[in-house]
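Take a look at the letters that make up each chain.
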Amino acid sequence: MMRLNNLIIKLKEKKAIVGIVGLGYVGLPLMLRYCEVGYKVIGFDIDQSKVDSLQNGKSYIEHIPSQAIESAVAKGFESTTDFSRVSEADALILCVPTPLNKYREPDLSFVLDTTDSLVPYLRPGQVVSLESTTYPGTTDEELLPRIESLGLKAGKDIYLVYSPEREDPGNPNFSTRTIPKVCGGHTPACLEVGLSLYGQVIDKVVPVSSTRAAELTKLLENIHRAVNIGLVNEMKIVADKMDIDIHEVIRAAATKPFGFVPYYPGPGLGGHCIPIDPFYLTWKAREYGVHTRFIELAGEVNSSMPDYVIAKVASALNLVKKAINGSRILVLGIAYKKNVDDMRESPSVMLMEKLRDLGADISYSDPHLPAFPVMREHHFELSSVPLTPENLSAYDCVLLATDHDKFNYELIKANAKLIVDSRGRYLASADHIVKA
Ligand SMILES: NC(=O)c1ccc[n+]([C@@H]2O[C@H](COP(=O)([O-])OP(=O)(O)OC[C@H]3O[C@@H](n4cnc5c(N)ncnc54)[C@H](O)[C@@H]3O)[C@@H](O)[C@H]2O)c1
């Protein structure tokens, strides 16, 4: 009881040291928020180049300014690859990746490796919170036995919570502070500590009864998106056959003040979350003999979208007596969504590869990505083409894949010979614009 009260008091008085493990899209904003309210924060990562960059006050994420890192460093923020410093922290928040493996099954290796590196340095009176998106049961079945392996008892010596992140990179309307945060504890005492940990930095913390409920909450949110995007992608195909613009229809439907949430079709799903997270549940549900049919169906529809767009490019070129093979095609936007520089799972890359394999001469333009980045599975030796009237008119086809606000849409419309629009940016029809 003493231990619990001491930790809660330390957290509430901001005297606790907060360790953020995994300094990426999720960990970095969280680190900034804890620094901002006055906590001492230590950042842990295995990537030495990220640690060095942060120590030098430099950001490596476009929407996080270096100035913010500099002021965190001035307030005492330190980053390190030395996990023996874990014992200095009172709270450890895990924000490491949870991808799928090549069989599209959960790859928990980052979470488990991280936990294994923490375990030797854990001590009584700490709280460990997992934020990575994952299937229900991960905290109980995977973290708990590892954390207790050296004799600490969760709920008594050490506190264990799961609290999913809800970051929406690039969205200026929400910040870490203003996005409500769900939290579940392994025991009631764990939850109490979790609420104190997050209550100081987040306006509204929403308690749930277990870590499993919190894990499934995050998956429900992302599955809801994946399924609804699958639905509008299918509606787009139907509307197109009927010669109706789906974007006009969605905008009209969205004027209904209740019972309708607009989702927008596109060239396929991208990002680290929506194409991946639903399959964490699909995998886990098999253990219970349940098939997640909505998830599978949405996955099928969404993953067929790049081919749908390619077919539109082929028929658009065909109208001007050209083939994909040998055509010069400029892809606009290679990030997975607008106004960010994140390429993970970007459908644009799939489109570029498919077009290249069909014999097109591919270029791209993206104001957020001046050079095509080094990626594990994709390779293009390209840099972003500046959008000038001369450049635009030199291509047989311009494919709008990601509709960044920084693009000058009038300039594109006025100078491109042929536009294939997969984002509904051009509502008014024109002879040289094909909706995809
Ligand atoms: N990006 C988002 O918008 C978003 C939103 C909500 C939830 N999430 C979830 O949050 C989690 C993290 O995602 P992200 O986008 O921040 O990933 P990221 O790849 O940007 O960052 C992860 C960081 O963890 C580090 N790392 C990897 N293994 C490590 C280890 N063993 N020890 C310490 N550090 C290690 C990496 O070097 C990297 O810096 C994922 O589960 C993701 O699904 C992401």
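One can find the structure itself at the top, above this paragraph.
Residues numbered from 1 in each chain as written. Predicted model: local features only at pLDDT ≥ 70, side-chain atom pairs only at ≥ 80, totals over all residues. Heavy atoms only, no water.

Looking at this structure, I do not really get the packing of helix α6 (residues 138-147) against helix α8 (residues 211-241). What am I missing?
In helix packing, the relevant descriptors are the interaxial angle and the interaxial distance, both defined with respect to the helix axes. At a minimum axis separation of 8 Å, α6 and α8 run at an interaxial angle of 120°. Viewed along their axes, α6 and α8 adopt a mutual orientation that is oblique. Facing Thr 138, Thr 139, Asp 140 and Glu 141 of α6, the residues of α8 in contact are Thr 211, Arg 212 and Glu 215. (Axes fitted to C-alpha atoms, helices over the stretch in contact; angles between N-to-C directions. Helix = DSSP H or I, 4+ residues; strand = E, 2+ residues; numbered from the N terminus. Parallel < 35°, antiparallel > 145°, perpendicular 65-115°, else oblique. Contact = heavy atoms within 4.5 Å.)

What is the right way to read the nonpolar core from this model?
Counting residues in hydrophobic clusters, the biggest one holds 39 residues, and the most contacted among them are Ile 20, Met 31, Tyr 34, Val 41 and Ile 93. With residues near it in sequence (within four places) discarded, Ile 93 still touches Val 18, Gly 19, Ile 20, Val 21, Leu 30, Tyr 34, Ser 129, Glu 131, Leu 197 and Tyr 198. Among the nonpolar cores identified, the runner-up in size contains 37 residues, and Val 128, Ala 154, Ile 276 and Leu 281 belong to it. (Core = buried A, V, L, I, M, F, W, Y, C linked by side-chain atoms within 4.5 Å. Buried < 20%, exposed > 50% of the residue type's maximum accessible area, 1.4 Å probe, protein only.)

Which parts of the structure should I look at to understand empty space enclosed by the protein?
Where empty space is left can be seen by rolling a probe of water-molecule size over the atoms. Summed over the entire model, instances satisfying the criterion amount to 1 cavity of 30 Å³ or more. What the largest cavity holds in volume is close to 60 Å³. In terms of residue class, the lining of the largest cavity is made up of 4 nonpolar, 1 polar and 3 charged. (1 Å grid on protein atoms, 1.4 Å probe; cavity = no way out; pocket = protein on both sides within 12 Å on 5 of 7 lines; lining within 4 Å. Points joined across faces, edges and corners; volume = space filled by probe spheres on them. Nonpolar A, V, L, I, M, F, W, Y, C, P; charged D, E, K, R; others polar.)

Would you take a moment to explain the site of the ligand for this structure?
Near the ligand you find 26 residues, and of these Val 26, Asp 45, Lys 50, Thr 98 and Thr 114 are the closest. Arg 344 places a polar side-chain atom, nitrogen or oxygen, 3.0 Å from an oxygen atom of the ligand. The fraction of the free accessible surface of the ligand (830 Å²) that becomes covered by protein chains is 93%. Residues that form the shell around the ligand fall into these classes: 12 nonpolar, 7 polar and 7 charged. (Near = heavy atom within 4 Å. Polar contact = N/O pair within 3.5 Å; in protein donor to acceptor, adjacent residues only side chain to side chain. Areas by Shrake-Rupley, 256 points an atom, 1.4 Å probe, with all protein chains shown as cover.)

Where do I start with the sheet that holds strand β7 (residues 181-185) in this structure?
Adjacent strands of a sheet pair through backbone hydrogen bonds, lying either parallel or antiparallel. Strand order in the open sheet formed by 8 strands is β3-β2-β1-β4-β5-β6-β7-β8, with mixed pairing between adjacent strands. Since the sheet does not close on itself, it has two edges, and those belong to β3 (78-80) and β8 (205-208), each with one partner. When strand polarity is set aside, the average angle formed by the axes of neighbouring strands in this sheet is 25°. Alignment of strand β1 (residues 17-21) against strand β2 (residues 40-44), held across 5 bridges, turns out to be parallel. Bridged to Ile 20 within β2 is Gly 43. Running at roughly 155° to strand β6 (residues 159-162), α6 makes contact with β4 (91-94), β5 (127-130) and β6 of the sheet. (Pairing = 2+ DSSP bridges.)

Sorry if this is basic, but what is going on with the pairing of β8 here?
Across a regular strand the side chains alternate sides, sitting on one face of the sheet and then on the other. Pairing geometry for β7 and β8, over 4 bridges, is parallel. Each bridged residue has a counterpart across the sheet, and for Lys 181 the counterpart in β8 is Val 205.

How should I be thinking about the sheet that holds strand β12 (residues 419-421) in this particular structure?
Spatial ordering of the open sheet is given by β10-β9-β11-β12-β13, a layout of 5 strands whose pairing is parallel. This sheet does not close on itself; its edge strands, each paired only once, are β10 (361-365) and β13 (433-435). The average angle at which neighbouring strand axes cross in this sheet is 20°, direction not considered. Inspection of the sheet shows β12 paired to β13 by 3 bridges, in the parallel sense. Bridging across to β13, Asp 421 finds its partner in Lys 435. Across the face of the sheet, helix α13 (residues 347-357) comes into contact with β9 (328-332), β10 and β11 (397-400) while running at roughly 160° to β10.

I'm lost on the layout of surface pockets in this one. Help?
Taken as a whole, the second largest pocket holds about 440 Å³ of empty space. Lining the second largest pocket are 22 residues, with Pro 29, Leu 32, Ile 64, Ser 175 and Thr 176 positioned closest to its centre. Mapped by element, the contributors of at least two residues to the lining of the second largest pocket are α2 (27-36) and α4 (66-74). A per-class count over the lining of the second largest pocket returns 10 nonpolar, 6 polar and 6 charged.

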